[in-house]
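Topology and contacts: notes
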Amino acid sequence: MPLSASARRAEPLLIAVAAVALTAVPILLTARPSDVLGQVGALSAVVGAGCLAGWLRRPRLVVVIGPALMLVPLFLGPSLPTIALAVLLAYAALAAEQFNGRGAWVAAAAFVGYLVVVYAASGDDSPGVVVLTVPGYLAGTAIRLRRQTADELTARGRELDQEREMFTAVSVRNERARIAAELHDIVGHALSVMVVQAAAGQRLVERKPDAARASLAAIADSARQGRADLQRLIQLLTGNDVSSPDLALVDEIVSSAARSGLPVTCRFEGDPDGVGDAAHVAFRVVQESLTNALRHAPGSAVRVLVRGADDGRSLTVRVENDKARAGAHSDLVGTGRGLAGLRERVLAAGGAFAAGPTTGGGWRVQAQFHGLAGRRP
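Residues numbered from 1 in each chain as written. Predicted model: local features only at pLDDT ≥ 70, side-chain atom pairs only at ≥ 80, totals over all residues. Heavy atoms only, no water.

Here the focus is the pattern of salt bridges. Summed over the entire model, instances satisfying the criterion amount to 9 salt bridges. In this structure, a network of salt bridges that share partners links the residues Arg303, Glu320, Asp322 and Arg364. (Salt bridge = Lys/Arg side-chain N within 4 Å of Asp/Glu carboxyl O.)

Next up, the structure:
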């Protein structure tokens, strides 16, 4: 049963009373000193035993003063009763428990030196003092080592908690960034197509109603595609199994962009099937590149190339648009995160990414993936 608060506060006093009793009572009963030196020695032994009262508040000071006072009777008298060795056992345990590292070696040396002084001053050659005090020192050492182990485990536990919190924060931040990139690609492309087509429809609604209706159809098609992509993202976030997109989606989004009026062509070379998760990143590269072409070079020709190795272990995706035509402009403004997000995705998938102007004044985006798993035989 755990001790109450009042019992814990009274514990040092009770120990000190017991130590004083073990020292004073035998002296008074068997070896009551009659001379002044003997009385000083007896008083020193009793005070030395009583010092145990401060073992909680000043343990290191107590372990120095207490045993030193109990040496005084060996030189001035009277002889200490055997039962008083229990007090020395308590001091030995306290000395071993209080000092760590180099201090523990110093405490061990001091303990041995103390025993040497006791034997030299008392002239006793029996092993009684050693037998009664060494177990106390060993017990104190065991308690100290156990406390150190517990402290180390506690500190390690705190470190693990901090690392776990850090990893959780990083995971949450990365997941938010991934969701933001997906939303940017989905919503950005769909809205860009709808804005361009809406502007075209406004210009054509009176002069060319059929072309205006085609623009509205492109807006509806882009909205449906965006809704489908958003639904897939929602399913992913809710933990549902969703099949990974393949490169067929690249052809679909190119066809959708062509129907919206963007002069875009797509060419597949080699055998780009079986490239695994790289297909999704390749699809996003094409989608973001087409969106940027709509924003910054409306009406310019765009060429998409998807080249895969026959064994499915490498994939190259390149999207290149011509220089923006004179007078062509768009009211669309980008967020500045598109290419940065693409680079992060491609690098995270183990690929290489490059984007920059071409010699003809256009723009090229290219992603390359090597060392893919390839198709199973």
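That covers the picture; the talk isn't over yet.
Looking now at the sheet that holds strand 2 (residues 302-308). The mixed open sheet is built from 5 strands, whose spatial order is 1-2-3-5-4. The sheet is open, and its two borders are formed by strand 1 (264-270) and strand 4 (352-357), each paired with just one other strand. Mean inter-strand twist for the sheet, computed between neighbouring axes without regard to direction, equals 10 degrees. Sheet topology places strand 3 (residues 314-321) next to strand 5 (residues 363-370); 8 bridges connect them, and they run antiparallel. Considered in strand 5, the bridge of Asn321 is made with Trp363. (Pairing = 2+ DSSP bridges. Helix = DSSP H or I, 4+ residues; strand = E, 2+ residues; numbered from the N terminus. Axes fitted to C-alpha atoms, helices over the stretch in contact; angles between N-to-C directions.)

The next thing to look at is the environment of Val317. Examined against the element boundaries, Val317 turns out to sit in strand 3. As for Val317 and Ala279, which are separated by 38 residues in sequence, their C-alpha atoms are 9.9 Å apart. Aside from chain neighbours lying at most four places away, what touches Val317 is Ala282, Val285, Val286, Leu305, Val365, Gln366 and Ala367. (Contact = heavy atoms within 4.5 Å.)

Before going further, it helps to spend a moment on the packing of helix 2 (residues 36-50) against helix 3 (residues 59-76). Closest axis-to-axis distance for the helix 2/helix 3 pair is 7 Å, and the angle between their directions is 155 degrees. Considered as vectors, helix 2 and helix 3 are oriented roughly antiparallel to each other. Our pair here, helix 2 against helix 3, has a crossing hand that is left-handed. Every residue of helix 3 that contacts helix 2 at Leu37, Gly38, Val40, Gly41, Ser44, Ala45, Val47, Gly48 and Ala49 is listed here: Gly66, Leu69, Met70, Val72, Pro73 and Leu76. Of the residues assigned to the contact of helix 2 with helix 3, the class counts are 10 nonpolar, 5 polar and no charged. (Parallel < 35°, antiparallel > 145°, perpendicular 65-115°, else oblique. Left-handed = near helix turned anticlockwise from the far one by under 90°. Nonpolar A, V, L, I, M, F, W, Y, C, P; charged D, E, K, R; others polar.)

With that settled, consider the packing of aromatic side chains. Summed over all chains, the structure comprises 1 aromatic pair. Aromatic side chains Phe111 and Tyr137 sit 4.8 Å apart centroid to centroid with 20 degrees between the ring planes, which places their arrangement in the stacked category. Taken together, the positions of Phe111 in helix 5 (residues 102-122) and Tyr137 in helix 6 (residues 128-204) put the pair 26 residues apart, joining distant regions of the chain. Summarising the burial analysis for this pair, Phe111 and Tyr137 share the class buried. (Phe/Tyr/Trp six-rings, centres within 6.5 Å; stacked < 30°, edge-to-face > 60°. Buried < 20%, exposed > 50% of the residue type's maximum accessible area, 1.4 Å probe, protein only.)

Between its first and last C-alpha, helix 4 (residues 85-98) extends 20 Å over 14 residues, near the 20 Å set by a 1.5 Å rise per residue. Every buried residue of helix 4 is listed here: Leu85, Val87, Leu88, Tyr91, Ala92, Ala93, Leu94, Ala95, Ala96, Glu97 and Gln98. (Expected span 1.5 Å × (residues − 1).)

Bringing the nonpolar core into the picture now. Ranked by internal contacts, the top residues of the largest apolar core, which has 29 residues, are Val286, Leu290 and Val304. When contributions to this core are tallied by element, the ones reaching two or more residues are helix 8 (248-259), helix 9 (278-296), strand 2, strand 3, helix 10 (338-348) and strand 5. Sort the elements by how many residues they give to this core and helix 9 lands first, with 10 residues. Beyond its immediate stretch of four places on either side in the chain, Val286 contacts Val250, Ile253, Val254, Val304, Val317 and Val319. Val87, Leu88, Tyr91 and Ala95 belong to the second-largest nonpolar core, a separate cluster that totals 25 residues. (Core = buried A, V, L, I, M, F, W, Y, C linked by side-chain atoms within 4.5 Å.)

Residues Val36, Leu37, Val40, Phe75, Leu76 and Val117 make up a contiguous nonpolar surface patch of roughly 530 Å² in combined accessible area. Sorting the residues of the nonpolar patch by element identifies helix 2 and helix 3 as the ones contributing at least two each. Considering each element in turn, the nonpolar patch owes the most residues, 3 residues, to helix 2. Structurally, Val40 can be placed in helix 2. Using a relative accessible area of 39% as the deciding quantity, one classes Val40 as partly exposed. (Patch = residues over 30% accessible without salt bridge, like charges linked within 9 Å, V, L, I, M, F, W, Y side chains within 5 Å. Areas by Shrake-Rupley, 256 points an atom, 1.4 Å probe, with all protein chains shown as cover.)

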